[in-house]
Protein chains: 2
Amino acid sequence: MESWPPGGSGPAGAGPRLRGLRGADLAASASLLSGAGAEAGCSAPAVAAVLPAGGSGERMGVPTPKQFCPILERPLISYTLQALERVSWIKDIVVAVTGENMEAMKCIIQRYQHKGISLVESGVTRHRSIFNGLKALAEDQPNCRLSKPEVVIIHDAVRPFVEEDVLLKVVTAAKEHGCSDYDLDFGTECLHLALKYCHIKAKLIEGSPDLWKVTYKRDLYAAESIIKERISQQICVVMDTKEDEEHVGHHLEEMLKNELNHVKVISGRDLQQIILEQCYNFVCVNVMTSDFEETQKLLNMLEESNLSILYPVVVISVQFLDYESVPFGQKMENLMQIREFAKEVKKANILLYGLLVYYPQDEQKLQESLRQGATIIAALIKERNSGLIGQLLVA
Amino acid sequence: MESWPPGGSGPAGAGPRLRGLRGADLAASASLLSGAGAEAGCSAPAVAAVLPAGGSGERMGVPTPKQFCPILERPLISYTLQALERVSWIKDIVVAVTGENMEAMKCIIQRYQHKGISLVESGVTRHRSIFNGLKALAEDQPNCRLSKPEVVIIHDAVRPFVEEDVLLKVVTAAKEHGCSDYDLDFGTECLHLALKYCHIKAKLIEGSPDLWKVTYKRDLYAAESIIKERISQQICVVMDTKEDEEHVGHHLEEMLKNELNHVKVISGRDLQQIILEQCYNFVCVNVMTSDFEETQKLLNMLEESNLSILYPVVVISVQFLDYESVPFGQKMENLMQIREFAKEVKKANILLYGLLVYYPQDEQKLQESLRQGATIIAALIKERNSGLIGQLLVA
């Protein structure tokens, strides 16, 4: 049996409790659910989550409800689901959406391969939507795949950056604490509602700044930048040679480390492992071969891996130009086939760019080329601009 | 004499008043300043602004205080100063900064050519900083260039998107109204302070969502995206031919209008006027000439205009490739000089990119090239990525 809470042990629970997280999460084990899993203790409580997602997003100033607004082409609510799915002890997630958006929501679940999600129709208010979600969890119907939870987390669909530790605090508090006057004075509207109508105790848990709610258009911008930053923290450099210790590829790797000083730059020795660890940025350095053979191998591997389902993966194919052997124009012409590859892999959410690095004999000039190459690579990874795929940049 | 308020006439003022704008602006004509310009009426009141900017930005999670954090390479506080400077009826702006940041602040004022700014040393708290700013405005010293104002707006240095209409409401309210219990209950800490210690009336004015405060790192991201969006609302297409009605340049213009459907695309007939109207995006289409002659003329004009002091100006030089007359490789080689131009004009905050558009005889293929060209132009303008300057993109 799992020990609960993970990393510690709390006192036994004491019957129905409801806890509010300031402006964000609410964990309920209200009367509606009181029959389910009432035995508490050190065992893991059965936890489910309800996401009210029936809002119309009036304040956003855009026609799409904010929970469906795209960030890097994926709807906001999918990021929130992803954040909850990562938490192994949340067993079921119920999303309340309007009848109008039911089909769109099903498509989102299918396309981004979300697991353990049930849909219910939202109500005319946020609280009615929550009620519908709780009802679905409480119902003990035949053929119903949902199990009755002991604690239910109520989480806004438009708070995509919720972390496991905050959710854990909320659930632990839902099992453990009483309430104070301070908490009651500074609660959220949900908290007040629960107190007024449910006659149950409540506690406010302070959230982190990351838990903020996407409300205005500026919040979408901020969310996009945060997501871009998060998936750019690690770059894998793949080389077509084993002799990289004394090699230009190795120098490029060093330059990248300087250019991106908060970013982990790793060598692609075990690509399958790196893909598993969810690295979303690949620099494929072609020193020995001068075409896209290595890049294609990498692209095939990425396409098979499903890595790019949730985030666009950036691949930069680096080639070198030695003016003495091939003229610049001819080299460029040879490499233009990258445009076709890029168009093809874009369908799998892979953003492919080319980079041609001038390779002079002069060591200082070579360093300068490599430095510029690193700047371009950093810019491409940071922006993840799908309008520039298939372009051949020159350093 | 100017009529006041602009666009309407308010009743006569009634002595010292202090008004708070929810979480943002406070217009004070407190006892400290009561001797100055006490005659009210329909004449424009003498208005000054005090910006407390002594904060250390702890919540930002970065070592630079948030008011000095760069957005498109320019410190946040410069955007706030710019927003206040645009308001013709604000006569003086006093910024309170720490002694440590005094020199940096002077450099910012000089570099971004801010006018009418005075500096005072900040105090240990926000309120002491405001006090120092008010004192500077109240002092009647010889050689002091500041004139005693009737109304002083207190504005956070980290709220860069304040609009004239909100400031006008605050100043008008400072001259006109009494206060209500509701306002007092929901006031800001500044408002409460004023009430407690100054024995003056106060009123709360509701601000717009744009008035939000840059507090966390995500707010810097949001501010950057908002600024990028604002300066990308207008694109000027400059052509080297008068016969554009039947021409490829005209088609490209149409494609741009489709690609950027919220953006105004204008033809560059009177460039001086367009520069005066603060258009920050130029697409220079070279049909008749195949080098950078036209682009250079435009760059010279932009460099002389000072347009790029406040925002990076994007220039995209569009060339066409007719495979039948010049091979691709040779054309690319000819155009590589753009890298040197780009490096040069970057010093003047101009971001120069090249775009080579394939020009086939087949009308449908040409349309496809132009469509891709428009996508690339849109991507470059939207991102304003200085890491990619001097690159020659291919459509």
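Fair warning: this is a prediction, and the values are worked out from it, not measured in the lab.

Basis of the calculations
- Each chain carries its own residue numbering, running from 1 in the written order of its sequence.
- All chains are assigned letters beginning with A, and all ligands numbers beginning with 1, in the order in which they are written.
- Selection of residues for local features in this predicted model requires a pLDDT of at least 70, selection of side-chain atom pairs for listing and counting requires 80 or more, and totals for whole chains, interfaces and linings are taken over all residues.
- As a rule here, side-chain values come from all non-hydrogen atoms in the structure, and water together with hydrogens is ignored.
- The helix and strand labels rest on DSSP assignments: H or I over at least four residues marks a helix, E over at least two residues marks a strand, and numbering proceeds from the N terminus.
- Accessible area is worked out with a 1.4 Å probe on protein chains only. A residue is then buried under 20% of its type maximum, exposed over 50%, and partly exposed in between.
- Any pair of residues with heavy atoms lying within 4.5 Å of one another is described as a contacting pair.
- Only the protein chains shown count as covering a residue, and every accessible area follows the Shrake-Rupley method with a 1.4 Å probe.
- The axes are straight lines fitted to the C-alpha atoms, using for helices just the contacting stretch, and the angles between their N-to-C directions are given from 0 to 180°.
- An angle counts as roughly parallel when it lies under 35 degrees, as roughly antiparallel when it exceeds 145, as roughly perpendicular when it falls between 65 and 115, and as oblique in every other case.
- Note: crossing handedness is left-handed where the near helix turns anticlockwise from the far helix by less than a right angle, and right-handed where it turns clockwise.
- Three residue categories are used. Nonpolar comprises Ala, Val, Leu, Ile, Met, Phe, Trp, Tyr, Cys and Pro, charged comprises Asp, Glu, Lys and Arg, and polar comprises the others, including Gly.
- Strands are treated as partners if at least two bridges between them are detected by DSSP.
- With the strands pointing away from the viewer, any crossover whose connection runs clockwise from the first strand over the helix to the second is right-handed.
- For this overlay, a least-squares fit was computed on C-alpha atoms, restricted to residues scoring pLDDT of at least 70 in both copies.
- N or O atoms closer than or at 3.5 Å make up a polar contact, with two conditions inside protein: a donor-capable atom paired with an acceptor-capable one, and, for residues adjacent in sequence, both atoms drawn from side chains.
- As a per-residue measure, pLDDT tells how confident the predictor is, with possible values from 0 to 100.
- Once two parts are brought into contact, the accessible area they lose, counted with a 1.4 Å probe and summed over both, makes up the buried area.
- A carboxyl oxygen of Asp or Glu within 4 Å of a side-chain nitrogen of Lys or Arg is what we treat as a salt bridge.
- Stacked, edge-to-face and tilted labels apply to pairs of Phe, Tyr and Trp rings (six-membered ring for Trp) whose centres lie within 6.5 Å, assigned for plane angles under 30 degrees, over 60, and everything in between, in that order.

Looking only at helices and strands, chain A features 13 helices and 15 strands. The proportion of buried residues among the 395 residues of chain A is 56%. In chain A, of all internal contacts separated by at least 6 residues, the share reaching a separation of at least 24 is 77%. Roughly 17700 Å² of accessible area belongs to chain A as shown, and the carbon and sulfur atoms make up 49% of that amount.

This brings us to the packing of helix α8 (residues 248–259) of chain B against helix α13 (residues 363–383) of chain B. To describe two helices that pack against each other, one gives the angle between their axes and the distance between the axes. All names here are of chain B. Close contact between α8 and α13 brings their axes to 9 Å; oriented N to C, the two are set at 55 degrees. Relative to α13, the element α8 is oriented oblique. Crossing geometry of α8 relative to α13 is assigned as right-handed. Counting all contacts with α8, which are made through Val248, His251, Leu252, Met255, Leu256 and Glu259, the residues of α13 involved are Glu363, Leu366, Gln367, Leu370, Arg371, Ala374, Thr375, Ile377 and Ala378. Of the residues that constitute the contact of α8 with α13, the class distribution is nine nonpolar, three polar and three charged.

Take helix α1 (residues 76–85) of chain B next. For the α-helix, the turn length of 3.6 residues means that residues three or four positions removed from each other point alike. Burial analysis of α1(B) places nine of its 10 residues in the buried class, which makes it a mostly covered element. Among the residues of α1(B), Leu76(B), Ile77(B), Ser78(B), Tyr79(B), Thr80(B), Leu81(B), Gln82(B), Ala83(B) and Leu84(B) are the ones counted as buried.

Residues and elements named next belong to chain A. Within strand β10 (residues 234–239), six of the six residues are buried, which leaves it mostly tucked inside the rest of the structure. With four bridges joining them, β10 and strand β11 (residues 264–267) adopt parallel strand pairing. Bridge pairing in β11 links Ile235 to Val265. Of the strand pairs in this sheet, β10 and strand β12 (residues 281–285) are connected by four bridges, and their pairing is parallel.

What follows is about the pairing of strand β7 (residues 117–121) of chain A. Residues and elements named next belong to chain A. Here strand β6 (residues 90–97) pairs with β7 via five bridges, running parallel. Bridging across to β7, Ile93 finds its partner in Ile117. Chirality of the crossover, the property in question, places the unit of β6, helix α2 (residues 102–111) and β7 among those that are right-handed.

There are two copies of the chain, and a rotation about an axis plus a shift along that axis relates them. Each copy of the sequence occupies a distinct position, and chain A is placed on chain B by a rotation of 180 degrees and an axial shift of 0.0 Å, giving an RMSD of 0.1 Å. The operation mapping one copy onto its partner corresponds to a two-fold rotation axis. Ranked by how close their C-alpha atoms come to the rotation axis, the residues of chain A are headed by Gly329(A), at 1.6 Å.

What follows covers unusual backbone geometry. Despite not being glycine, Glu73(A) has its phi angle at roughly 70 degrees, a positive value. One non-glycine residue, Asn349(B), lies in the positive phi region at around 65 degrees. For Asn349(B), a relative accessible area of 16% puts it in the buried group.

The subject of this paragraph is the sheet that holds strand β13 (residues 313–321) of chain A. All names here are of chain A. Taken together, the six strands give an open sheet; going across it, the order is β11-β10-β12-β13-β14-β15, and neighbouring strands pair in parallel fashion. One side of each edge strand has no neighbouring strand; the edge strands of this open sheet are β11 and β15 (392–394). Recorded for the sheet is a direction-independent mean angle of 25 degrees between the axes of neighbouring strands. The pairing of strand β14 (residues 350–358) with β15 spans three bridges and is parallel.

Bringing the side chain of Glu294(B) into the picture now. Positionally, Glu294(B) belongs in helix α10 (residues 293–305). Looking at Glu294(B), its side chain comes within polar contact range of the side chain of Lys297(B), at 3.2 Å.

All names here are of chain A. Looking at chain A as a whole, the pLDDT averages 81, with 78% of positions reaching at least 70. When pLDDT is averaged over each helix and strand of chain A, the minimum, 40, is found for strand β1 (residues 18–21) and the maximum, 98, for strand β5 (residues 74–75). The low-confidence segment residues 7–24, where pLDDT is below 50, has 68 contacts with residues more than four positions distant or belonging to other chains. Here residues 180–187 scores under 50 on pLDDT; set against residues more than four positions off or in separate chains, the count is 11 contacts. Model confidence for the complex: the whole-complex pTM is 0.85, and ipTM, which rates the interface, is 0.83.

Much of the literature gives interface size as the accessible area that the parts lose upon coming together. Between chain A and chain B, the contact holds 31 residues from the first and 31 residues from the second. In total, chain A and chain B occlude about 2900 Å² of area from one another, counting both sides; carbon and sulfur atoms represent 58% of this. Counting the surface chain A buries against chain B, the share from its top three residues, Arg218(A), Tyr221(A) and Gln391(A), is 20%. Along the contact surface separating chain A from chain B lie three salt bridges. Summed over the shared surface of chain A and chain B, the result is eight residue pairs in polar contact (both at pLDDT 80 or more).

This part takes up the sheet that holds strand β15 (residues 392–394) of chain B. Residues and elements named next belong to chain B. Read from one edge to the other, the open sheet built from six strands follows the order β11-β10-β12-β13-β14-β15, with strand pairing classed as parallel. The open sheet has two free edges, formed respectively by β11 (264–267) and β15, since each of these has just one partner strand. Recorded for the sheet is a direction-independent mean angle of 25 degrees between the axes of neighbouring strands. Relative to the sheet, helix α12 (residues 338–346) contacts β14 (350–358) and β15, its axis offset from that of β14 by approximately 155 degrees. Contacts between α13 and the sheet are confined to β10 (234–239), β12 (281–285), β13 (313–321), β14 and β15, with β14 contributing the most and set at about 165 degrees to the helix.

Taken as a whole and judged by the stated rule, the model has 10 aromatic pairs over all chains. An angle of 10 degrees between the planes, with centres 5.4 Å apart, marks the rings of Phe161(A) and Trp212(A) as stacked. Residue Phe161(A) is found in the loop between β8 (151–154) and α4 (164–176), and its partner Trp212(A) is found in the loop between β9 (202–205) and α7 (217–230); the two are separated by 51 residues along the sequence. In this structure Trp212(A) comes out as buried when scored by relative accessible area, which is 10%. Geometrically, the ring pair formed by Phe292(B) and Phe341(B) is edge-to-face, given 5.6 Å between the ring centres and 75 degrees between the ring planes. Of this pair, Phe292(B) sits in the loop between β12 and α10 while Phe341(B) sits in helix α12, placing them 49 residues apart in sequence. Residue Phe292(B) shares its accessibility class with Phe341(B), and that shared class is buried.

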